[in-house]
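Topology and contacts: notes
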Amino acid sequence: MMLWVTFWIVLSEALSTCYGEVFTSSYKILDLVNREKTLLDALQNHINAEYDNLKALSSFLSDRSRSVRTTSVEALNEQAEHPNGAYLLIRLYTHDWNHVVTANPLFDRLISNLKPHLPTPDDYRGACSAIIRLQRVYRLRVEDMYRGNYSGYMGPALDPTDAFEIGRQSFVDGFLEESRQWLHLAVDHMETQERGLQRHDRHRASPSQRGQMYGLLGRTYFFMNRTEKAREMYEMGRQYDSSSGDVIQLQRELQTGAEGGERYGSAVEDWHRDMEDLCMRDKAHRVARLRPFHTCRYKQGVASLPYVRYKEEILSTSPFTSLIYDFITDTETRVFKDYIKGRMFRGLVGMGINATTSFIRTSNLGWVYDDEIVQANRLSQRVKSVTGLEVAQRTPNGPSSSEAFQIVNYGLGGHYDLHMDPFDDPPDDDLLKSSGERLATFLIYLTDVEKGGNTVFLHSKISVAPQKGMALFWYNYDTKMMKDLDTHHAGCPVLIGHKWIANKWIWTYGNTFRRPCGPFPNSTQEEIEPLMYSRHRLCDVSG
C-alpha cells in the first residue's frame with residue numbers, strides 16, 4: 001500500500017505545476033516531457049519494490065502450500081495437542097498471515113469473509129500468557145519448555161524471539177521471576193545462535209531487537225529490586241539501541257530511584273500453591289488420602305430408568321461429590337461435539353448483562369437445549385435417573401429445573417480459576433427467573449486429556465483427571481440448604497491434549513422435596529439418599 005502511495009505522491013508532484021493548464025502554453029508541454037524522467041524513475045522503483053514483494057509472497061505461498069499438502073489432519077491435531085505446537089500455529093496466523101493481509105490491500109479485500117477466523121494480536125498475547133500459566137501451575141523448567149519438553153511430552157522447539165515475546169507478556173502479567181527466566185533465555189540463545197550465523201545472515205537480530213531485549217530484562221530486574229543488575233542491562237541495551245522504548249523507560253525508572261516492587265509483584269498465595277499440587281495429580285490420586293466414606297457402589301437408577309445401575313465412586317461426603325462411570329457413549333460425545341462446532345463463543349464469567357470475559361476463564365462454549373437434539377433429551381433423563389433430581393426445562397419462559405447442556409472446549413493452557421457455581425444475584429434470563437439457585441452440578445467428560453485439565457476441589461483436596469464418558473456430580477448446597485463453601489473448585493490448565501466437557505446445572509425449582517433435608521439437622525447426603533430413592537420407587541415422578 002505504501003509503495004502505491006509513494007508512487008502517486010511523486011506523480012502528483014511532477015504534474016502539480018501543469019495540471020489543467022498544459023494546453024495554454026507550449027513551454028508547459030515541453031516541461032512535462034522533461035519531467036517524464038522523474039515519472040519513469042518512480043515507476044521503476046515501484047516495480048522493483050512490487051517485484052520483491054511478489055517474490056516474498058510467492059515464497060510464502062510455496063512454503064505454506066507444501067506444508068498443507070504434506071501435513072495430515074492427524075499430524076495437525078497432534079501438533080495442536082502440544083503447547084508449543086499450538087502456540088506456533090497461533091503465531092503463524094497472527095504474524096505471518098496477518099503480515100500478508102495488511103501488506104496487500106487487494107488480497108485483504110478478497111478474503112474479507114475469512115478475516116473473522118484469523119487470530120488477533122490479543123489471541124497471540126493470550127497464547128503467551130497460557131505458556132506462562134502452564135509453567136507456573138506445573139512447575140516446568142523454562143529451558144525444557146523452550147526445547148519442547150513438557151513433563152516428558154516432546155513437541156516443537158521455540159526460538160529466541162518466541163522466548164522474548166513470552167517473557168514480555170509475563171512482564172505485562174506481573175510475573176517477574178518467570179519474565180526474568182524467559183528474557184535471560186532469549187538473550188542467551190540469541191547470542192549463541194548469532195555466533196553460528198554469517199555476518200549478513202537475514203536471521204541475525206538487529207541492534208534494535210537486542211536493545212529491546214536488554215532494556216526489558218533490565219526493567220524486570222528493576223521491579224524485582226535488583227537495581228545493580230538493572231543498570232548493567234541498561235548499559236548493554238544502550239550500546240545496541242539507545243532509542244529503544246524499553247531502554248528509555250528503564251533509564252527513567254532508574255533515575256526516579258523508586259523501589260520497583262512497589263508497583264509490581266508476583267507473590268503466590270498459599271491456596272494457589274495447594275491448587276497447583278492438586279492439578280499435578282493423575283487418575284490414581286483423586287483424593288488426598290483414602291477415607292472411610294470413600295466407596296464404590298452400583299447405584300440404581302430412578303425416574304424413567306429404574307432398571308439401570310450406575311457405577312459410582314463416592315469421593316467426599318462434605319461436600320457430597322461422586323463419580324459416575326460409563327455415563328455417556330462415544331457416539332453421543334461425538335454427536336454433541338459435532339453439533340456445537342460453529343456455535344461456540346468465548347466463555348464469560350458471570351451471567352446475563354453482568355457477564356464479562358476474563359483470563360480466569362479461557363475456553364469456548366455453546367449451549368444445547370433438551371429439545372434441540374434427541375441425544376440431549378436422553379442425556380437429561382439419564383441425569384435425572386442417577387441423581388434423583390428434576391431437570392425439566394420449561395421453555396421459553398421458565399422457571400426451569402435445569403439449564404441447557406453447556407458444552408465447553410479448552411484450548412492452549414485452557415483453564416477456569418477457583419470459583420463456585422451458584423450466583424450471588426438472581427439470574428435475569430427468562431428461562432431461569434424464579435428458578436432459585438444452582439443446587440447441584442453434573443459435569444460430563446467428553447474426552448480424555450493426556451495431561452492436565454483436572455477438576456480440583458481445594459478444601460476437600462479432590463482432584464479428578466478427565467476420563468472420557470465419566471461424570472462428576474456434586475451438591476453446591478449442604479443438606480441445610482446453605483451454600484457450601486467447600487465446593488470452591490477449578491479447572492486446571494490443559495497441559496497436553498484437548499479437553500471437552502458438558503455441564504448440566506440443576507436448580508432448586510422443582511427439587512425442594514426431591515432432595516429432602518433428612519430426619520436430623522446434621523443428616524448427611526448419604527443418609528438422605530435412601531429416603532430419596534425409596535420415595536421415588538413409590539411415587540409417580542414422570543411429571
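The next thing to look at is the nonpolar core. In summary, soluble globular proteins display a tendency toward joint burial of nonpolar side chains. In terms of nonpolar packing, the biggest core is built from 52 residues, with Y87, I131, Y138, Y150, I166, W182 and L412 touching the most fellow members. With nine residues, helix α6 (residues 121–138) is the largest single contributor of residues to this core. When residues no more than four places from it in sequence are discounted, the contact partners of Y138 are C279, M280, G452, G453, C492, P493 and L495. Core analysis: the second largest hydrophobic core is formed by 31 residues, I340, L379, V383 and F405 among them.

Another point: the packing of aromatic side chains. In the structure shown here, the tally under the stated rule is 12 aromatic pairs. Seen in terms of ring centroids, Y87 and Y124 are 5.7 Å apart; in terms of plane orientation they differ by 40°. Their pairing is tilted. You can see Y87 sitting in helix α4 (residues 83–103) and its partner Y124 sitting in helix α6, a full 37 residues away along the chain. We note that Y87, like Y124, is buried. Among the aromatic residues, those joined into a cluster by ring pairs are Y310, F320, F327, F442, F473 and Y475. K499 extends its terminal NZ or CZ atom over the ring of Y410, reaching a point 4.7 Å from the ring centre.

With that out of the way, let us pick up helix α12 (residues 245–256). Over its 12 residues, α12 extends 17 Å from the first C-alpha to the last, a length consistent with the 16 Å expected when each residue adds 1.5 Å. Of all the positions in α12, only D246, V247, L250, E253 and L254 are classed as buried. One side of α12 carries all its buried residues, which in axial view fall inside an arc of 125°. Summarising the geometry of α12, the exposed residues directed more than 90 degrees from the buried face are G245, Q255 and T256. Contacts made by the buried residues of α12 are with α10 (207–223) and α11 (227–240). At the C-terminal side of α12, G257 shows a positive phi close to 75°.

In spatial order, the strands read β9-β15-β12-β13; together these four strands make up an open sheet with antiparallel pairing. In this open sheet, the two edge strands, each paired with only one partner strand, are β9 (416–419) and β13 (462–464). On average, each strand axis in the sheet is tilted by 10° relative to the strand beside it, whichever way the strands run.

On to the confidence of the model for the chain. Per-residue confidence for the chain averages 82 on the pLDDT scale, and 82% of its residues sit at or above 70. Per-element mean pLDDT across the chain ranges from 52 in helix α1 (residues 2–15) up to 97 in helix α7 (residues 142–147). pLDDT under 50 marks residues 198–203. Its contacts with residues more than four places away, or in other chains, come to four contacts. Note on residues 535–543: pLDDT is under 50 here. Beyond four places in sequence and across chains, it has 14 contacts.

Linking two cysteines covalently through their sulfur atoms gives a disulfide. For the structure shown, the criterion picks out one disulfide. Bridging C279 to C492, the disulfide has an S-S length of 2.0 Å. The disulfide joining C279 to C492 has a torsion of about -85° about its S-S bond and is therefore left-handed. Placement of C279 in helix α13 (residues 270–279) and of C492 in the loop between β15 (489–491) and β16 (494–496) is noted, with a sequence separation of 213 residues between them. On the basis of relative accessibility, which here comes to 1%, the residue C492 falls in the buried class.

If you trace the backbone, S380 turns up in helix α15 (residues 374–387). Looking at S380, the relative accessible area reads 0%, which means it is buried. Leaving out residues up to four positions away in the same chain, S380 has contacts with D370, V391, F405 and K504.

This next bit is on the packing of α11 against α12. Packed helix pairs are specified by the crossing angle of their axes together with the interaxial distance, meaning the distance between the axes. Where α11 meets α12, the closest approach of the two axes is 10 Å, and the angle between their N-to-C directions is 145°. Note on packing geometry: the crossing formed by α11 with α12 is left-handed. Residues T227, A230, R231, Y234, G237 and R238 of α11 touch α12, and the partners they reach there are V247, L250, Q251 and L254.

In contact at an axis separation of 9 Å, α4 and α6 are set at 165° when each is read in the N-to-C sense. By the angle between their directions, the pair α4 and α6 is classed as roughly antiparallel. Handedness of the α4/α6 crossing: left-handed. Of the residues in α6, those in contact with P83, N84, Y87, I90, R91, T94 and H95 of α4 are P121, D123, Y124, A127, C128, I131 and L134. Class assignment for the residues of the contact of α4 with α6 results in nine nonpolar, three polar and two charged.

The terminal C-alpha atoms of α6, which comprises 18 residues, lie 26 Å apart, in line with the 26 Å expected from a rise of 1.5 Å per residue. Across the 18 residues of α6, 14 count as buried, placing the element largely inside the fold. R139 occupies a position one or two residues after α6 and carries a positive phi of about 50°.

Evaluated as defined, the whole model comprises 24 salt bridges. Residue E276 is joined to R139 by a salt bridge in which the shortest nitrogen-to-oxygen separation is 3.4 Å. Of this pair, E276 sits in helix α13 while R139 sits in the loop between α6 and α7; the two residues are 137 residues apart in sequence, bridging distant segments of the chain. Owing to a relative accessible area of 3%, E276 belongs among the buried residues under this scheme. Through salt bridges with shared partners, a single ionic network connects R91, D159 and D162.

Scoring rules and cut-offs
Residues numbered from 1 in each chain as written. Predicted model: local features only at pLDDT ≥ 70, side-chain atom pairs only at ≥ 80, totals over all residues. Heavy atoms only, no water. Core = buried A, V, L, I, M, F, W, Y, C linked by side-chain atoms within 4.5 Å. Buried < 20%, exposed > 50% of the residue type's maximum accessible area, 1.4 Å probe, protein only. Helix = DSSP H or I, 4+ residues; strand = E, 2+ residues; numbered from the N terminus. Contact = heavy atoms within 4.5 Å. Phe/Tyr/Trp six-rings, centres within 6.5 Å; stacked < 30°, edge-to-face > 60°. Lys NZ or Arg CZ within 6 Å of the ring centre and 35° of its normal. Expected span 1.5 Å × (residues − 1). Arc of directions from axis to C-beta. Pairing = 2+ DSSP bridges. Axes fitted to C-alpha atoms, helices over the stretch in contact; angles between N-to-C directions. pLDDT = per-residue confidence, 0-100. Disulfide = S-S within 2.5 Å. Left-handed = near helix turned anticlockwise from the far one by under 90°. Parallel < 35°, antiparallel > 145°, perpendicular 65-115°, else oblique. Nonpolar A, V, L, I, M, F, W, Y, C, P; charged D, E, K, R; others polar. Salt bridge = Lys/Arg side-chain N within 4 Å of Asp/Glu carboxyl O.

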